[in-house]
Amino acid sequence: MAASAGELLRAAAQGRLGVDQRLIQSILDSGSEAVTGTLAFAQASHEQDRIDLDPLLVDLFHHWESPEALDFLIGAVRRSHDDVNDELVQTLLPFGERAVEPLLKLYEELGEEQGSDIAFLLAGLRVHDPRVLALLLDRLEFDAADGALCLELYHDPAARPALETMLAEIPAEDVELRRDLQHALEALGQPAPPYEPIPFDIMAEYPKHELPAFDVLSEAERIELLVDSPDAEIRAGAAHSFFNHELDPKAKAALFRSAQSDPDAKARGRAWESLADVTEDAAVRDAMLAVLADPSRDIAERGGAAVGLYAVADRDDVRAAIETLYAEEVPAARAKALETMWRSLWKPYARFFPQHLGDKNKAIVREALRGAGYFQLTSHADKIASYFDREGDFEDLREDALFAYALAMPGETTRGRIRGLLRKLDTIANLSSSEADLVMFALDERLRLAGLDPVFAADAEEEEEPPAAPIPTGKPGRNDPCPCGSGKKYKKCHGS
């Protein structure tokens, strides 16, 4: 029997299902119960949820144009009052007059300081109500630019006198504010543009496949998915969720069974990778090496076994098998061999990376960048930096290049000089806030490689941590934390 909408949403809220097109289609296909089940879920308590599904619920109600969802939508506005997103705005606008009263109450509850987005919503409804006009005129006095924008959107000629009075009071040198007020007055002199809903395709907003949020699942739940999920992609993801984590006997046994018997090569490969921390166990190590050395095995499995052996990659038998994998004329094999090499940090492997910084295969270039960083190939720093602003197929390698450059860039590696390296790289690459976080983590890695304590992580630890809260999904495509345990997002650390 197919799961109900409520069951699917509860599973997604606990992180056991990825928020993707498959989940949405299953909800839409749940028949007459789809809307009522979703509404019941939306109205229930979510204190124990691990994932914030508000964005998904808003999109579902937008898709259905559900009149019963108004209370939930107002609640969603309250929860995100300082940043009401466009999807929520577009979902509420068709409610028109019905939304006025609850939004007025919410504005009164939040006050002028926090009510900017609520005022914008009320203006966007274009319901000419004296209470709304009074609120927007007060908004004009409180924040002239914001009030002018809202009154322009509201499009009530009754606002003209207040705008004209305000404009007369603004000095000529305040060009920007005068322009905002003049623009609002000009708009009021024209017919109000008709409301035209923006076409909405819920499927276009979500990825085809999204893995469960393994980072919020318990070990027991991840083992269950590893063993019992009918979806090979989920089994592979569950296996990889254990990578670079200390394994207890249950997890080790489950991964070893999966590595030996899962019907999917990628799932087997991911399981071998996650056994990397137990290669001191001769049975595991020998089984892994046998897979790596067997040319009849799928590259996904052999590559996973190679990465699983990175901690013993300096052994002669392992080194020979890794170099054999590297020599194969299959890009996926070479990329996995290079990944194994840089993870090992065994210096003799450094010679393999420079020639691949200009490779035509992106997966190989990505591993070459990481290797050039971790082996601190400073003489190749310019080549690494050439990926800061690449276009076309290689444009998404910027973060890998920033991470590698921070590790390998010229400069003395001391705790006293590390902030100077951050400033230098910012000057070169014009870092965004998230990129600066990535670079700080890389510079701490640089210190660790030199046997020194980190600087930026220590700064972060001094700050008081906020209370735990459900992880918001936003639009799906949410990044899991890096399995290395750094606390950084996976794409901003070692990558997948």
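So, how was this worked out
Residues numbered from 1 in each chain as written. Predicted model: local features only at pLDDT ≥ 70, side-chain atom pairs only at ≥ 80, totals over all residues. Heavy atoms only, no water. Helix = DSSP H or I, 4+ residues; strand = E, 2+ residues; numbered from the N terminus. Buried < 20%, exposed > 50% of the residue type's maximum accessible area, 1.4 Å probe, protein only. Contact = heavy atoms within 4.5 Å. Areas by Shrake-Rupley, 256 points an atom, 1.4 Å probe, with all protein chains shown as cover. Lys, Arg positive; Asp, Glu negative; His and termini not counted. Charge placed at Lys NZ, Arg CZ, Asp CG, Glu CD. Core = buried A, V, L, I, M, F, W, Y, C linked by side-chain atoms within 4.5 Å. Phe/Tyr/Trp six-rings, centres within 6.5 Å; stacked < 30°, edge-to-face > 60°. Lys NZ or Arg CZ within 6 Å of the ring centre and 35° of its normal. pLDDT = per-residue confidence, 0-100. Patch = residues over 30% accessible without salt bridge, like charges linked within 9 Å, V, L, I, M, F, W, Y side chains within 5 Å. Salt bridge = Lys/Arg side-chain N within 4 Å of Asp/Glu carboxyl O. Axes fitted to C-alpha atoms, helices over the stretch in contact; angles between N-to-C directions. Parallel < 35°, antiparallel > 145°, perpendicular 65-115°, else oblique. Left-handed = near helix turned anticlockwise from the far one by under 90°. Expected span 1.5 Å × (residues − 1). Arc of directions from axis to C-beta.

Trainee: Sorry, what's going on with the overall build of the protein chain here?
Mentor: Each helix and strand in the protein chain was counted, giving 26 helices and two strands. Each principal axis of the C-alpha atoms in the protein chain carries an extent, and together these give about 85 × 60 × 40 Å. In the protein chain, which comprises 496 residues, the proportion classed as buried is 49%. In the protein chain, of all internal contacts separated by at least 6 residues, the share reaching a separation of at least 24 is 65%. For the protein chain, the accessible area works out to roughly 23700 Å², and carbon and sulfur atoms hold 50% of it. Placing the 53 positive and 91 negative side-chain charges of the protein chain at their respective mean positions leaves the two points 8 Å apart.

Trainee: Any chance you could explain the nonpolar core here in plain terms?
Mentor: General note: in soluble globular proteins, nonpolar side chains tend to be found buried as a group. Formed by 157 residues in total, the largest nonpolar core has its most connected members in Leu53, Leu92, Leu163 and Leu275. Setting aside anything within four residues of it in sequence, one finds Leu163 in contact with Leu140, Ala148, Leu151, Leu181, Ala184, Leu185 and Leu188.

Trainee: Which parts of the structure should I look at to understand helix 10 (residues 144-154)?
Mentor: An α-helical turn contains 3.6 residues, so a residue and the one three or four places further along point in the same direction. The element helix 10 is largely enclosed, with a buried count of eight among its eleven residues. Along helix 10, the positions that sit buried rather than exposed are Ala144, Asp146, Gly147, Ala148, Cys150, Leu151, Glu152 and Tyr154. If you follow the buried residues of helix 10, they end up packed against helix 8 (116-125), helix 9 (130-142), helix 11 (160-169) and helix 12 (175-188). Just downstream of helix 10, His155 is the residue with a positive phi angle, here 60°.

Trainee: Before we go on, may I ask you to explain the packing of aromatic side chains in this structure?
Mentor: Each aromatic ring pair is specified by the distance between its two centres and by the angle formed by the two planes. Enumeration according to the criterion identifies twelve aromatic pairs in this entry. Between the aromatic rings of Phe61 and Trp64, the centroid separation amounts to 6.4 Å while the plane-to-plane angle is 55°, which identifies the pairing as tilted. One end of the pair, Phe61, and the other, Trp64, are both in helix 4 (residues 54-64), three residues apart, so they sit about a helical turn from each other. Between the aromatic rings of Trp342 and Tyr374, the centroid separation amounts to 5.2 Å while the plane-to-plane angle is 10°, which identifies the pairing as stacked. Within this pair, whereas Trp342 is found in helix 20 (residues 331-344), its partner Tyr374 is found in helix 21 (residues 362-374), the two being separated by 32 residues in sequence. On the accessibility criterion, Trp342 (2% relative accessible area) is buried. Every member of this aromatic cluster is reached through a ring pair, and the members are Tyr326, Trp346, Tyr349 and Phe352. In this arrangement the basic side chain of Arg222 is found over the ring face of Phe242, its NZ or CZ atom lying 4.2 Å from the centre. For Arg390, the ring lying beneath its charged end belongs to Tyr387, and the centroid distance is 4.0 Å.

Trainee: It is not clear to me how the confidence of the model for the protein chain should be interpreted in this structure. Could you clarify?
Mentor: Detail in the predicted coordinates should be disregarded across regions flagged by low pLDDT. For the protein chain, per-residue confidence averages 91 on the pLDDT scale, and 92% of positions sit at 70 or higher. Scored below 50 in pLDDT, residues 464-496 makes 79 contacts in the model with residues more than four places away or belonging to other chains.

Trainee: Could you clarify how one ought to interpret a negative patch on the surface in this entry?
Mentor: On the surface, Glu112, Glu113, Asp138, Glu141 and Glu169 cluster together into a patch of negative charge. Among the secondary structure elements, Asp138 is positioned in helix 9. Take Asp138: its relative accessible area is 46%, and that puts it in the partly exposed class.

Trainee: Whenever I open this one, the packing of helix 10 against helix 12 confuses me. Can you help?
Mentor: Pairs of packed helices are described in terms of their axes, by the angle between the two and the distance that separates them. Across the interface, helix 10 lies against helix 12 with an axial gap of 9 Å and an inter-helix angle of 15°. When the interaxial angle is binned, helix 10 and helix 12 end up roughly parallel. Helix 10 and helix 12 meet at a crossing whose hand is left-handed. Across from Ala144, Ala145, Ala148, Leu151 and Glu152 in helix 10, the residues of helix 12 making contact are Leu177, Asp180, Leu181, His183, Ala184, Ala187 and Leu188.

Trainee: What should I look at first to understand the environment of Leu122 in this one?
Mentor: Turning to its location among the elements, Leu122 is positioned in helix 8. For Leu122, a relative accessible area of 1% puts it in the buried group. Remark: the alpha-carbon pair of Leu122 and Leu93, spanning 29 residues in sequence, is separated by 8.9 Å. Contacts of Leu122, omitting those with residues within four sequence positions, involve Val100, Leu103, Leu104, Val132, Leu135 and Tyr154.

Trainee: Would you mind going over the pattern of salt bridges with me for this structure?
Mentor: Between side chains of opposite charge, a pair can form as their charged atoms come close. Under the counting rule described, the total for this entry stands at 32 salt bridges. Residue Glu221 pairs with Arg50 through a salt bridge whose shortest N-O separation is 2.9 Å. With Glu221 in helix 13 (residues 219-228) and Arg50 in the loop between helix 3 (33-43) and strand 1 (51-52), the pair connects residues that are 171 residues apart, well separated along the chain. A salt bridge links Arg268 to Glu301; the shortest N-O distance between them is 3.0 Å. With Arg268 in helix 16 (residues 265-274) and Glu301 in helix 18 (residues 299-308), the pair connects residues that are 33 residues apart, well separated along the chain. Each member of the pair, Arg268 as well as Glu301, is classed as buried. Each of Arg270, Glu273, Lys336, Glu339 and Arg343 takes part in one network of salt bridges that share partners.

Trainee: Quick question: what am I supposed to make of the environment of Ile322 here?
Mentor: Note that Ile322 resides in helix 19 (residues 316-327). A relative accessible area of 0% places Ile322 in the buried class. Taking the C-alpha atoms as reference, Ile322 lies 70 Å from Gln182; in sequence the two are 140 residues apart. If we ignore the near neighbours within four places in the chain, the residues touching Ile322 are Leu292, Ala313, Ala337, Thr340, Met341 and Tyr349.

Trainee: Would you take a moment to explain helix 12 for this structure?
Mentor: With 14 residues, helix 12 should reach 20 Å at 1.5 Å per residue; the first-to-last C-alpha distance of 20 Å fits that figure. Those residues of helix 12 that sit buried are Leu177, Leu181, Ala184, Leu185, Ala187 and Leu188. One face of helix 12 carries all of its buried residues, which in axial projection span an arc of 165°. Residues of helix 12 that are exposed and point more than 90 degrees away from the buried face comprise Val175, Glu176 and Glu186.

Trainee: Explain the environment of Ala5 here, please?
Mentor: Positionally, Ala5 belongs in helix 1 (residues 5-13). Judged by its relative accessible area of 0%, Ala5 is buried. Sequence spacing of Ala5 and Val35 is 30 residues, and the spatial spacing of their C-alpha atoms is 8.1 Å. Discounting residues that sit within four places of it in the chain, Ala5 has contacts with Ile27, Ser30, Glu33, Ala34 and Thr38.

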